Amino acid sequence: MSVSYKVHRQDYDWEKDWKKDGQTSGTVGEAKRLEAIEIKLPGGVSGSIEYRTHIQDIGWEKNWSKDGEKSGTEGQCKRLEAIQIKLSGDVAENYDVYYRVHAQDYGWLAWAKNGESSGTEGYAKRLEAIEVRLVPKGTTPNLPASANEKAFIKK
């Protein structure tokens, strides 16, 4: 099972190519904000991947985006500050979704999973990059270490 995603980045627009299965989407070390994200599963999968973002001056989106829909903003110069990602349907019975973000001033935060918040809230810190992975339920994921113990930092 695979997951694909791409982001809209400050000064760069949308990434041309979809990243997948733990690849870094966004930038590290360039101080560029993520402004929007799209995430999808392969065609023919029974179930969906759903996600919502916490946006500068807006807060958490009320509605969840899913299956390649845009979450975030374009043309408003608003940073993403946090994200939640979850699976639904049959795919949720067989897989967990793990994700981590690279946040301004914090670096890579710890891995979140299955709808948990990842990023910051109340600190006005931009997300700069993200990695997403699907892991079969009941297995211990082999995930890269993160610089921080927490996946979500809230004021």
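Residues numbered from 1 in each chain as written. Predicted model: local features only at pLDDT ≥ 70, side-chain atom pairs only at ≥ 80, totals over all residues. Heavy atoms only, no water.

A.B. asks: Got a sec to walk through the pairing of strand 6 (residues 48–55)? Specific residues and values, please.
C.D. replies: Among the eight residues that make up strand 6, eight are buried, leaving the element largely enclosed by the rest of the structure. The side-chain alternation of strand 6 yields two buried faces, one formed by S48, E50, R52 and H54 and the other by I49, Y51, T53 and I55. Direction of pairing for strand 6 relative to strand 8 (residues 65–66): antiparallel, over a ladder of two bridges. By the bridge assignment for strand 8, E50 is matched with K66. Bridge analysis of strand 6 against strand 7 (residues 59–60) gives two bridges, and the strand direction is antiparallel. When the bridges of strand 7 are listed, I55 appears paired with G59. Here strand 6 folds back onto strand 7 in antiparallel fashion, the turn holding three residues, of which D57 has a positive phi close to 65°. (Buried < 20%, exposed > 50% of the residue type's maximum accessible area, 1.4 Å probe, protein only. Helix = DSSP H or I, 4+ residues; strand = E, 2+ residues; numbered from the N terminus. Pairing = 2+ DSSP bridges.)

A.B. asks: I'd like a rundown of unusual backbone geometry, residues and numbers included.
C.D. replies: Positive phi values are uncommon outside glycine, yet D57 reaches one of about 65°. Positionally, D57 belongs in the loop between strand 6 and strand 7.

A.B. asks: Give me the packing of aromatic side chains: which residues, what numbers.
C.D. replies: By the definition in use, this model includes zero aromatic pairs. Of note, K86 hangs over the ring of W64, and the distance from its end group to the ring centre comes to 4.1 Å. (Phe/Tyr/Trp six-rings, centres within 6.5 Å; stacked < 30°, edge-to-face > 60°. Lys NZ or Arg CZ within 6 Å of the ring centre and 35° of its normal.)

A.B. asks: Any chance you could break down the environment of K70 for me, citing the residues and the numbers?
C.D. replies: You can see K70 is positioned in the loop between strand 8 and strand 9 (71–72). Taking the relative accessible area as the measure of exposure, K70 reaches 37% and is therefore partly exposed. Note: C-alpha distance between K70 and K6 (64 residues apart in sequence) is 9.8 Å. Residues within four places of K70 in sequence aside, it is in contact with W14, A36, I37, E38 and S65. At 3.5 Å, the side chain of K70 and the side chain of E74 are in polar contact. (Contact = heavy atoms within 4.5 Å. Polar contact = N/O pair within 3.5 Å; in protein donor to acceptor, adjacent residues only side chain to side chain.)

A.B. asks: Summarise the pattern of salt bridges; cite the residues concerned and give the values.
C.D. replies: Following the criterion strictly, the structure yields 10 salt bridges and no others. Between R33 and E35 there is a salt bridge, with the nearest N and O atoms lying 2.7 Å from each other. Comparing R33 with E35, the two get one shared label, buried. In this structure, R126 engages E128 in a salt bridge whose closest nitrogen and oxygen atoms are separated by 2.8 Å. Neither residue differs from the other here; R126 and E128 are each classed as buried. (Salt bridge = Lys/Arg side-chain N within 4 Å of Asp/Glu carboxyl O.)

A.B. asks: Give a detailed account of the nonpolar core, specifying residues and quantitative values.
C.D. replies: Among the nonpolar cores identified, the biggest contains 29 residues, and I39, I49 and I85 are the most heavily contacted of them. Counting residues per element, the ones that place at least two in this core are strand 1 (4–9), strand 5 (34–40), strand 6, strand 10 (80–88), strand 11 (95–103) and strand 15 (127–136). Ranked by residues supplied to this core, first place goes to strand 11 with five residues. Discounting residues that sit within four places of it in the chain, I39 has contacts with V3, S4, Y5, W18, I49, Y51, D67, G68, I83 and I85. (Core = buried A, V, L, I, M, F, W, Y, C linked by side-chain atoms within 4.5 Å.)

A.B. asks: An account of the environment of G26 is needed here, citing residue identities and associated values.
C.D. replies: Mapped onto the elements of the fold, G26 is located in strand 4 (residues 25–26). Considering only alpha carbons, one finds G26 and H102, 76 residues apart in sequence, at a separation of 9.0 Å. For G26, the contacting residues outside a window of four places in its chain are V7, R9, E15, L34, E128 and A129.

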